[in-house]
Amino acid sequence: MAQEKQVVLLPDYLTVRELADMIGASPIEVMKRLIANGIMASINQQVDFDTAAIVVEELGFEAHSASAVAVEEEKQKAVEAQTWRRKYAEERPESLQRRPPIVTILGHVDHGKTTLLDTIRKSSVAAGEAGGITQHIGAYRVLHNGNWLTFLDTPGHEAFTAMRARGAQGADIAILVVAADDGVMPTTREALNHAQAANVPVVVAITKIDKRNANVENVKKELSDIGLTPDEWGGDTLVVPVSAQQGTGLDDLLEAILLTAEDKEIVANPKGEPSGITIEAEMSPHQGTMATLLVLNGTLKRGDIVIAGHTYGRVKAMFDEKGKKLEEAGPSVPVRVLGLSEPPQPGETFETVKNDKTARLIAEERKAVTAQRLARPERSFTLEDVFAQFESGKAKELAIILKVDVQGSLQPIVDGLNNISGDNKDGITIRILSADVGNISENDVNLASASGAIIIGFSVSEDNAAHRTADSMGVEIRHYNIIYKLFEDVELALQGMLEPVFEDKNIGTAEVRQIFKIPRIGTIAGSYVREGELRRNAKVRVKRGGRMIAENLSVSSLKREKDDVREVRSGFECGISLNNFDAFIVGDMMEFYVSERVN
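Reading guide: rules and limits
Sequence order sets the numbering: in each chain, residues are counted from 1 along the sequence as written. Selection of residues for local features in this predicted model requires a pLDDT of at least 70, selection of side-chain atom pairs for listing and counting requires 80 or more, and totals for whole chains, interfaces and linings are taken over all residues. Values shown for side chains rest on all heavy atoms present in the structure; no hydrogens or waters enter the calculation. Numbering of helices and strands starts at the N terminus; helices are DSSP runs of H or I of at least 4 residues and strands are runs of E of at least 2. Only protein chains enter the accessibility calculation, which uses a 1.4 Å probe; a residue is then buried when its area is under 20% of its type maximum, exposed when over 50%, and partly exposed in between. Axis definition: a line fitted to C-alpha atoms, limited for helices to the stretch in contact. Angles are taken between N-to-C directions and run from 0 to 180 degrees. Throughout this description, any angle smaller than 35 degrees is read as roughly parallel, any larger than 145 degrees as roughly antiparallel, any in the 65 to 115 degree range as roughly perpendicular, and the remainder as oblique. Helix crossings get a hand from a simple test, with the near helix turned counterclockwise from the far one by less than a right angle marking a left-handed crossing and a clockwise turn marking a right-handed one. Should any heavy atoms of two residues lie within 4.5 Å, those residues are counted as being in contact. In the scheme used here, Gly and all other residues not listed as nonpolar or charged are polar, with Ala, Val, Leu, Ile, Met, Phe, Trp, Tyr, Cys and Pro taken as nonpolar and Asp, Glu, Lys and Arg as charged. To qualify as a nonpolar core, a set must consist of buried Ala, Val, Leu, Ile, Met, Phe, Trp, Tyr and Cys residues joined through side-chain atoms within 4.5 Å.

### Some remarks on unusual backbone geometry
Here's step 1: At N199, a position not held by glycine, the phi torsion is positive, near 60°.
Here's step 2: Topologically, N199 is positioned in the loop between α8 (186–197) and β10 (202–207).
Here's step 3: Classification of N199 as exposed rests on a relative accessible area of 57%.
Here's step 4: Backbone geometry places S459, a non-glycine residue, at a positive phi of 55°.
Here's step 5: A relative accessible area of 32% means that S459 is categorised as partly exposed.

Here you go:
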């Protein structure tokens, strides 16, 4: 039976010395192998993965690309990250109990979100509940008429969405704060979109009713215009006027939250596996890492071993928002925890494991994946794969964020998409999370990332921040200028018939100025980069006198001086050799291009 080869993970580029160290060989032996394959390289010279893999294979190892492995591991991590969300479904119904609702506060930046939170917290302390001064730990509990409520002290839909983007729901109920003197603002509508995308019920608090220019009835009308019709007007939205300054309306607001919670199944298993989310974390010079964790299922106990993202540790001590030491914390209880190795990211989900060794191994694997993640992220959800994801059970709907140029285009496109959804026989529905006028913003991308949505722009563009964020988060943005083309693509997508469209994009041009013929290596074109940049993984066209003489060529080597490089920018000289082409003459132009998906 053949002996199984040892696997070596190789980065995209590494020096000869680094390659030798990785496989325990002498640099001289590696250099000999390279020379035998026609590659002259010094000990400190970089070689690419393909070249290194040849040497590794010849020396009896099996070469794997570290970046490719990292991408696969990241996919697996994403699958595993969903596991904790299924824990409620996996719990036996008889073991589930109602837990206190978790409440977040959303709204316009200066409509009084923080003041409202502070007033609710102070009124709880003033009422003599659990005594003492409430410390800021990112979340706190309030007892109202014998019922506990947990408030997230991280107001703002950015924090709310960040939690959802990391896989945590983060809240059961959202309070949408609207000032009585300002009314509904664009940010108010954005916050509502984020709450509705998360399927979180909304209670509206109309704040600043004590101000002279307050107009509560006008605010109710504006709320009705955005789909939040007050219950007193025959709608299903609880709207409560409050004054944080005077303390009026707070009991009514807490009562409205409890009424909303009654209509929603907010349950957990106190005896299940402990899991939840990280609210915030910091490094204390005297105590080490202090993290605020919100338990969503199970009961977290002192001595449990917790892992959250890349960090882990044994819970040495737990404190509530009053600074009181706790031995355990059940569902919906926020606790300040001492004992983690480093501060986890806010919104990171946490769970418990059996021992330190398991926690350390998981954390190290996650760190390695993050460090090796060199490839661009894949699209998390694309229009082309919606049908396949639906058939595999990964998607139940096509979520869309729509941005258009003018108001007159908005309703016809919304109506058209709703008609397509209604007519579709395959069972895939279209859910429009947000439909608005204006260019695509970073906030739209964040919402799409957290919701698994695609962004459709009609005769609009996206700003630089939105473009960068979409690239880093793997959010698909599709642009259209013709309505029927937009509808056609969506219809084809729902039928599983939409194919991606790719176009070649020129990224750089180089002029051949010298030619070198090197034995065993071949022809090297000494070139000057006229514009753009040359990339090692791009395709190349060769032009002579304005006429193309070769195309679809791959780069066999790209060098700056003696070093292999990934790219060379405009204004620099370099050496280029191409696979299957060596008939260069001085004056030839090389066009480097990549294939990009345009829709």
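The discussion continues.
### Let's talk about the packing of helix α1 (residues 16–23) against helix α2 (residues 27–36)
Here's step 1: Contact geometry for α1 and α2: axes closest at 9 Å, N-to-C directions at 115°. As summarised for this structure, α1 and α2 are arranged roughly perpendicular, according to the angle between their axes. Like other packed secondary-structure pairs, α1 and α2 cross with a definite hand, here right-handed. Packed against α1, whose contacting residues are V16, L19, A20 and I23, the element α2 presents P27, V30, M31 and L34 at the interface.
Here's step 2: Looking at the contact of α1 with α2, its residues break down into eight nonpolar, no polar and no charged.

### A short note on the nonpolar core
Here's step 1: Of all hydrophobic cores here, the largest spans 24 residues; its most connected members are L116, I120, F151, I175, L253 and I257.
Here's step 2: Those elements that place two or more of their residues in this core are β6 (102–107), α6 (113–126), β7 (139–144), β8 (147–152), β9 (173–179), β10 and α10 (250–262).
Here's step 3: Counting residues per element, this core draws most heavily on α10, which supplies seven residues.
Here's step 4: Setting aside chain neighbours within four positions, we find I175 in contact with V103, T104, I105, L106, F151, V203, A205, L253 and I257.

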